[in-house]
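Descriptive structure summary
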Amino acid sequence: MSDTVITMMDGSTWKPSSSEDVIQCANCDNIVDTEEEAKSYASSGKCPNCGNSWTERRSTTISITAPSRISGGTM
Ligand SMILES: [Zn+2]
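Residues numbered from 1 in each chain as written. Predicted model: local features only at pLDDT ≥ 70, side-chain atom pairs only at ≥ 80, totals over all residues. Heavy atoms only, no water.

**Digging into the side chain of Gln24**
- Residue position: Gln24 is located in strand 2 (residues 13–25).
- Looking at Gln24, the relative accessible area reads 13%, which means it is buried.
- From its side chain, Gln24 meets the backbone oxygen of Asp29 in a polar contact 3.3 Å long.
- Beyond its immediate stretch of four places on either side in the chain, Gln24 contacts Asp29, Asn30, Ile31, Trp54, Thr55, Glu56, Arg57 and Ser59. (Helix = DSSP H or I, 4+ residues; strand = E, 2+ residues; numbered from the N terminus. Buried < 20%, exposed > 50% of the residue type's maximum accessible area, 1.4 Å probe, protein only. Polar contact = N/O pair within 3.5 Å; in protein donor to acceptor, adjacent residues only side chain to side chain. Contact = heavy atoms within 4.5 Å.)

**A look at the coordination of the zinc ion**
- Protein coordination of the zinc ion is provided by Cys25 (SG), Cys28 (SG), Cys47 (SG) and Cys50 (SG), with donor distances spanning 2.3 Å.
- Of note, the donors binding the zinc ion are all from one chain and are spaced C-x2-C-x18-C-x2-C.
- Judged by relative accessible area, which is 1%, Cys47 ranks as buried.
- The exposure class assigned to Cys50 is partly exposed, which follows from its relative accessible area of 29%. (Donors = N, O, S within 2.8 Å, 3.2 Å for Na, K, Ca; no water.)

**Points about the packing of aromatic side chains**
- The final tally for this structure, using the stated rule, is one aromatic pair.
- With centroids separated by 5.1 Å and ring planes inclined at 75°, the aromatic side chains of Tyr41 and Trp54 adopt a geometry described as edge-to-face. Of the two residues, Tyr41 sits in helix 1 (residues 35–44) while Trp54 sits in the loop between helix 1 and strand 4 (56–71), which places them 13 residues apart along the sequence. The pair formed by Tyr41 and Trp54 is uniform in burial state, with each residue classed as buried. (Phe/Tyr/Trp six-rings, centres within 6.5 Å; stacked < 30°, edge-to-face > 60°.)

Any functional reading would require information that these geometric values do not contain.
What follows is the structure, encoded as structure tokens:
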């Protein structure tokens, strides 16, 4: 997780973006939502989506969003 915080001139703090780890099937790009799910696929040995043997591919996606206010500042 990225903990980058932007501090504005008025003292408010903003979060510019968030990153998350994505686990996908290497064969069909089926995205696994949770670590637990990935583990269950790994133990069953195959991808429920494409039926091929489970090979996971991990990547980190960083979603750039409009800054969202965390706290502080005056309205
Ligand atoms: Zn698959």
